[in-house]
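Chain by chain, the residues run as shown.
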Amino acid sequence: MSSVYEQLGGEAAINAAVDVFYRKVLGDKYVVRFFEGVDMDKQAAKQRAFLTMVTGGPNSYTGKDMREGHRHLIKMGLDDSHFDHILCHLRSTLAELGVAQDLIDTVISVAESTRDDVLDR
Amino acid sequence: MPTIRFEGQDYFCSSDETVLESLERHGVMLPSSCKSGTCQTCLTRALKGQPPSAAQKGLKDTLAAQNYFLACICKPEEDLEIGLASVSPKYSARLIKKDLMNESIVRLRIEVPEDFSYQAGQFINLIRPSDELTRSYSLASISSDSFLELHIKRVPEGRMSTWLFDTVEEGDELSFFGPSGDCFYLPDNPERTLLLVGAGTGLAPLHGILRDALEQGHKGPIHLFHASLAAPGLYLIDELREIAVQFSQFKYTPCVLHGDAPEGGKQGNIVDIPGQVLGSFNGFRVYLCGDPQIVNALRQKAFMAGTSMQDIHSDPFVFAPA
């Protein structure tokens, strides 16, 4: 069976999704402090990698990457509530782009599976 | 079987092997991470030869135009000579003209060395021969000009700018290498709205991009916001007004943080002014140059106002301390 990534339309769809998703994240006062002072181009590339991974596209993301990439944010107070906000933005991004509900659920469950790595537990 | 030339060595690339894999097999490790064309850590430039377009997916158009590609997904179809950074020969050229634009900005016009080519908006690295001190300056000229133009801001106790202001004279030879930078005009959509925002000598590359766009027949609106702390810090006002008279699609807005703005200008924070004047930036291509704090704040503003990340080109100037 083809991946959600392919069903969405591959790379072009992911590029469109990154803009929508990143804009939602930066517009969220509850989580924006974790993104202040970061290079926006690099951050967008990371989000593209994240969206590619959670939709089952070509990637080599590992739990270790997720753990190490977020460790400095844990010190800043990153916890489950922030993770929930990001999942929420991911869900509404996909809905806005017209992704079917069952595909959204699949993507969210993959994203959910990274929770313990992101929060270094 | 294509050959990859890197740092003077030739490496054979097997069929179905990527540039990254081939070099790795030969014991040459390029920086890389995702190995799937996503993270862009392995961004590499083809100095000779054309990388396949599939190896440029997701890259900014201005990077693709300079033959940058992702080594981890590049299966070369022809011989390539590659480099990590933009490797460039050193040039030497005579200073033709030096004049003061205002009390803290001097304009230098330099001969164009033979075989030097650039895109308006890119920068060069000027070298002081006595001690190899090097600083980057944006090109304000366009490639059809008979000179290279730089705008130099006098940095208090800045070694390079003090030397250029006080010692260098017309007729002297100047050395530099380059060009670099991905802040330049692309003629892919002549109807599109362009937004150019810069503070201080951030005007230099924007002036080049503006004239390049007009010369290449850009039809869509072009908005230029040039900011300074106060009116005396603005420059090229008459030239820019003249361009606005000649080209109705071009709108020039001089901006000042303090005091009265010149006629047709705005007083306020440059980070807020473009949004107040234009509202949404949906579908724009945006160029931001100058002070890094202003550039980064504007980058976020432009993105939140609807510009795609792919369409925001910026060149934050870092002023080296004395």
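Residues numbered from 1 in each chain as written. Chains lettered and ligands numbered in written order. Predicted model: local features only at pLDDT ≥ 70, side-chain atom pairs only at ≥ 80, totals over all residues. Heavy atoms only, no water.

Trainee: Explain the interface of chain A and chain B to me, using residue names and the numbers behind them.
Mentor: Chain A puts 18 residues into the contact, and the matching count from chain B is 19 residues. Of the roughly 1600 Å² buried at the junction of chain A and chain B (both faces included), carbon and sulfur atoms supply 53%. Our count for the chain A to chain B interface comes out at 2 salt bridges. A salt bridge links D39 of chain A to R299 of chain B; its shortest N-O distance comes to 3.9 Å. Scanning the region where chain A abuts chain B turns up 5 residue pairs in polar contact (both at pLDDT 80 or more). Considering each element in turn, the side of chain A that touches chain B owes the most residues, 7 residues, to helix α3 (residues 40–54) of chain A. In terms of residue class, the side of chain A that touches chain B is made up of 7 nonpolar, 5 polar and 6 charged. (Contact = heavy atoms within 4.5 Å. Buried area = accessible area lost by both parts, 1.4 Å probe. Salt bridge = Lys/Arg side-chain N within 4 Å of Asp/Glu carboxyl O. Polar contact = N/O pair within 3.5 Å; in protein donor to acceptor, adjacent residues only side chain to side chain. Helix = DSSP H or I, 4+ residues; strand = E, 2+ residues; numbered from the N terminus. Nonpolar A, V, L, I, M, F, W, Y, C, P; charged D, E, K, R; others polar.)

Trainee: Please give an account of the pattern of salt bridges that cites residues and values.
Mentor: Where charged atoms of side chains with opposite charge meet at close range, the side chains can pair. Counted by the stated rule, this structure contains 28 salt bridges over all chains. Among the salt bridges present, the one from D84 of chain A reaches R115 of chain A, with a minimum N-O distance of 2.7 Å. Note that D84 of chain A is positioned in helix α5 (residues 80–96) and R115 of chain A in helix α7 (residues 115–118), a separation of 31 residues in sequence. Residue classification places R115 of chain A among the buried positions, given a relative accessible area of 13%. R285 of chain B serves as the salt-bridge partner of D61 of chain B, at 3.1 Å between the closest nitrogen and oxygen. Here D61 of chain B is found in helix α2 (residues 61–65), whereas its partner R285 of chain B is found in strand β16 (residues 285–290), with 224 residues between them in sequence. You can call D61 of chain B partly exposed: its relative accessible area is 35%. Its relative accessible area of 1% is what places R285 of chain B among the buried residues. Put simply, D80, D84, E112, R115, D116 and R121 of chain A are held in one network by salt bridges that share partners. (Buried < 20%, exposed > 50% of the residue type's maximum accessible area, 1.4 Å probe, protein only.)

Trainee: Please provide a residue-by-residue account of the sheet that holds strand β15 (residues 266–267) of chain B, values included.
Mentor: Residue and element names in this part refer to chain B. With respect to topology, 6 strands assemble into an open sheet ordered β15-β14-β13-β12-β16-β17, the strand pairing being parallel. The outermost strands of the open sheet, each flanked by one partner alone, are β15 and β17 (312–316). Here β16 pairs with β17 via 5 bridges, running parallel. Note on β17: the bridge partner recorded for G290 is P316. Of the strands in this sheet, β13 (222–228) and β14 (250–256) touch helix α5 (residues 237–246), which is tilted by about 150 degrees from β14. Sheet contacts for helix α7 (residues 292–304): β12 (194–199), β16 and β17; angle to β17, the most-contacted strand, approximately 170 degrees. (Pairing = 2+ DSSP bridges. Axes fitted to C-alpha atoms, helices over the stretch in contact; angles between N-to-C directions.)

Trainee: Help me get a handle on the packing of aromatic side chains, residues and values and all.
Mentor: Both the distance between ring centres and the angle between the ring planes are used here to describe each pair of aromatic rings. For the structure on display, the rule yields 7 aromatic pairs over all chains. Between Y22 of chain A and F303 of chain B, the aromatic rings sit 5.2 Å apart at their centres with planes inclined by 45 degrees, giving tilted as the arrangement. Of this pair, Y22 of chain A sits in helix α2 (residues 10–26) while F303 of chain B sits in helix α7, which puts the two residues in different chains. Assigned by exposure class, Y22 of chain A and F303 of chain B land together as buried. (Phe/Tyr/Trp six-rings, centres within 6.5 Å; stacked < 30°, edge-to-face > 60°.)

Trainee: Let's hear about the domain arrangement of chain B: which residues, and what values?
Mentor: Residue and element names in this part refer to chain B. Taken as a whole, chain B is organised into domain 1 (3–83), domain 2 (90–180) and domain 3 (194–316). If you average the C-alpha positions of domain 1 and of domain 3, the two centres end up 35 Å apart. Both faces considered, domain 1 and domain 3 share a buried interface measuring about 390 Å² in area, 35% of it formed by carbon and sulfur atoms. Looking at the side of domain 1 facing domain 3, the largest losses of area belong to K60, D61 and T62, adding up to 85% of the total buried there. The tally of links between domain 1 and domain 3 comes to 1 salt bridge. Where domain 1 touches domain 3, the interface holds 2 residue pairs in polar contact (both at pLDDT 80 or more). Classifying every residue of the side of domain 1 that touches domain 3 gives 1 nonpolar, 2 polar and 2 charged. (Domains from an automatic or database assignment.)

Trainee: Would you mind going over helix α6 (residues 101–112) of chain A in detail, with residue names and values included?
Mentor: All names here are of chain A. Over its 12 residues, α6 runs 16 Å from end to end, which matches the ideal 16 Å to within 8%, given 1.5 Å per residue. Among the residues of α6, those classed as buried are L103, I104, V107, I108 and A111. One side of α6 holds all its buried residues, which, seen down the axis, span an arc of 135 degrees. Looking at the buried positions of α6, the neighbouring elements they touch are α1 (4–8), α3, α5 and α7. (Expected span 1.5 Å × (residues − 1). Arc of directions from axis to C-beta.)

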